[in-house]
Amino acid sequence: MMGGISRRKFIRGALGTVLAGGIANGFSEPHRIKVNRLDFTHLGLGRRLVQFSDLHYKGNDAFAEKVIRNIHELEPDYVFFTGDLVEGQSVAHLPDALAHIESLRVPVYGVWGNHDPNDSESTKLFKKSFSKNGGRYVENEEVLLPEFSIFGCNNQNWLHWKQSEATTPRLFITHFPILADQVIKRRFDLALAGHSHGGQIRLPGIGALWLPYGVAGYDRGLFETNVGPLYVNVGVGTLKIPVRFLCRPELTVIET
């Protein structure tokens, strides 16, 4: 006996408390955005970049506004969005989601994600919104800026033949981390991807319980790959279920 209760009851109570705490954390964690920082100052650009990914907007304006507010507080020179603005290729939610992109007061460069609609009318909306503040919806192309170039691509076949024209530092942005293994005879100074959600639910000693196709083991964080240094952002939104565990939503600050 332990103070009037059996060891078995004590253990059950302790496990119940841990389980309840884990469940509560799983539902609160999606709202606790954290900031991860990368030092790429060796590029000598003197620019602050912020990456965010996988908003999966479903009408949740309060959270989207929080994301935008947090990005502004980081005072970026450029913002990069690595796909999945909405969920389930929702055309209905797209205009409101793009309004949040337009509310960013700096140039935003973004790529398509597999949950984004890709019909011609939606593509026009993407291009219009991303260009509002001087950015661009980068659709299998290279954008040359004075300080660096941005190579945005989600098409494996296109990567095999398109040659970069840049002489400045080169950035590669994609939704799918797996493309870092599929670039042929080309390296970049930095690659950015999303898609993985970091698994959304991770366990100590195990890691992600599930990852979508197209991750290729690059679940979160910085990796050295065929394409060059690759950073995989775990996203700010959630897919299907509004739960995260040991995998908080993320904004990435990259000092260049």
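Residues numbered from 1 in each chain as written. Predicted model: local features only at pLDDT ≥ 70, side-chain atom pairs only at ≥ 80, totals over all residues. Heavy atoms only, no water.

Caption draft 1: Quick peek at the nonpolar core. Grouped together as the largest cluster of nonpolar side chains are 28 residues, with contacts concentrated most on Phe 52, Leu 55, Val 67, Ile 71, Leu 85, Phe 130 and Leu 251. Elements that contribute at least two residues to this core include exactly β2 (48-52), α2 (61-73), β3 (78-81), α3 (94-102), α4 (120-131) and β14 (250-255). Here this core takes 5 residues from α2, the largest share from any one element. In contact with Leu 251, not counting residues within four places along its chain, are Ile 33, Lys 34, Val 35, Asn 36, Gln 51, Phe 52, Val 67, Asn 70, Ile 71, Leu 74, Asn 233 and Val 236. (Core = buried A, V, L, I, M, F, W, Y, C linked by side-chain atoms within 4.5 Å. Buried < 20%, exposed > 50% of the residue type's maximum accessible area, 1.4 Å probe, protein only. Helix = DSSP H or I, 4+ residues; strand = E, 2+ residues; numbered from the N terminus. Contact = heavy atoms within 4.5 Å.)

Caption draft 2: The arrangement of the pairing of strand β13 (residues 228-232) in detail. Counting buried residues along β13, 5 of its 5 residues qualify, which places the element largely inside the surrounding structure. Note that strand β9 (residues 190-193) and β13 share 3 bridges and pair parallel. Each bridged residue has a counterpart across the sheet, and for Leu 192 the counterpart in β13 is Tyr 231. Counted along the chain from strand β12 (residues 221-225) to the antiparallel partner β13, the turn is 2 residues long. (Pairing = 2+ DSSP bridges.)

Caption draft 3: Representation of the pairing of β3. The alternating pattern of β3 places Tyr 78 and Phe 80 and Val 79 and Phe 81 on opposite faces, both of which are buried. Bridge count between β2 and β3: 4 bridges; the pairing is parallel. From the neighbouring strand, Leu 49 faces β3, where its bridge partner is Tyr 78. For the crossover from β2 across α2 to β3, the handedness is right-handed. Summarising the sheet, β3 and strand β4 (residues 108-110) pair through 3 bridges and their orientation is parallel. By the bridge assignment for β4, Val 79 is matched with Val 108. (Right-handed = clockwise from strand over helix to strand, strands pointing away.)

Caption draft 4: Quick look at the sheet that holds β14. As summarised here, the arrangement of the 6 strands in space is β1-β14-β2-β3-β4-β5, forming an open sheet in which the pairing is mixed. For this open sheet the edge positions go to β1 (34-39) and β5 (136-137), each flanked by a neighbour on one side alone.

Caption draft 5: Structural detail: the pattern of salt bridges. Scanning the model with the defined rule gives 10 salt bridges in all. Close ionic contact of Lys 127 with Glu 139 constitutes a salt bridge, the shortest N to O distance being 3.7 Å. Of this pair, Lys 127 sits in helix α4 while Glu 139 sits in the loop between β5 and β6 (141-144), and the two are 12 residues apart along the sequence. (Salt bridge = Lys/Arg side-chain N within 4 Å of Asp/Glu carboxyl O.)

Caption draft 6: Up close: the packing of α3 against α4. As a packed pair, α3 and α4 sit with axes 9 Å apart at the nearest point and diverge in direction by 20°. By the angle between their directions, the pair α3 and α4 is classed as roughly parallel. When you trace α3 past α4, the crossing you get is right-handed. Here α3 contributes Leu 94, Leu 98, Ile 101 and Glu 102 to the contact with α4, which in turn contributes Ser 122, Leu 125, Phe 126, Ser 129 and Phe 130. Here the contact of α3 with α4 is composed, by residue class, of 6 nonpolar, 2 polar and 1 charged. (Axes fitted to C-alpha atoms, helices over the stretch in contact; angles between N-to-C directions. Parallel < 35°, antiparallel > 145°, perpendicular 65-115°, else oblique. Left-handed = near helix turned anticlockwise from the far one by under 90°. Nonpolar A, V, L, I, M, F, W, Y, C, P; charged D, E, K, R; others polar.)

Caption draft 7: Examining the sheet that holds β6 more closely. Sheet architecture is open: 6 strands sit in the order β6-β7-β8-β9-β13-β12, paired in mixed fashion. Only two strands of the sheet have a single neighbouring strand rather than two, namely β6 and β12. Looking at each pair of strands side by side, their axes are set apart by 20° on average, direction ignored.

Caption draft 8: Seen up close, the packing of aromatic side chains. One pass over the structure, following the stated rule, counts 12 aromatic pairs. Arranged with centres 4.7 Å apart and planes meeting at 15°, the rings of Phe 126 and Tyr 137 form a pair that is stacked. Linking Phe 126 in helix α4 with Tyr 137 in strand β5, this pair joins segments that are 11 residues apart in sequence. Here the aromatic rings of Phe 151 and Phe 172 are separated by 6.1 Å at their centres, their planes lie at 45°, and the arrangement is tilted. Of the two residues, Phe 151 sits in strand β7 (residues 149-152) while Phe 172 sits in strand β8 (residues 170-173), which places them 21 residues apart along the sequence. Owing to a relative accessible area of 0%, Phe 151 belongs among the buried residues under this scheme. Feature note: the residues Tyr 78, Phe 80, Tyr 109 and Phe 148 constitute an aromatic cluster, connected by ring pairs. The ring of Phe 188 has Arg 170 lying over it, and the distance from NZ or CZ to the ring centre is 5.1 Å. (Phe/Tyr/Trp six-rings, centres within 6.5 Å; stacked < 30°, edge-to-face > 60°. Lys NZ or Arg CZ within 6 Å of the ring centre and 35° of its normal.)

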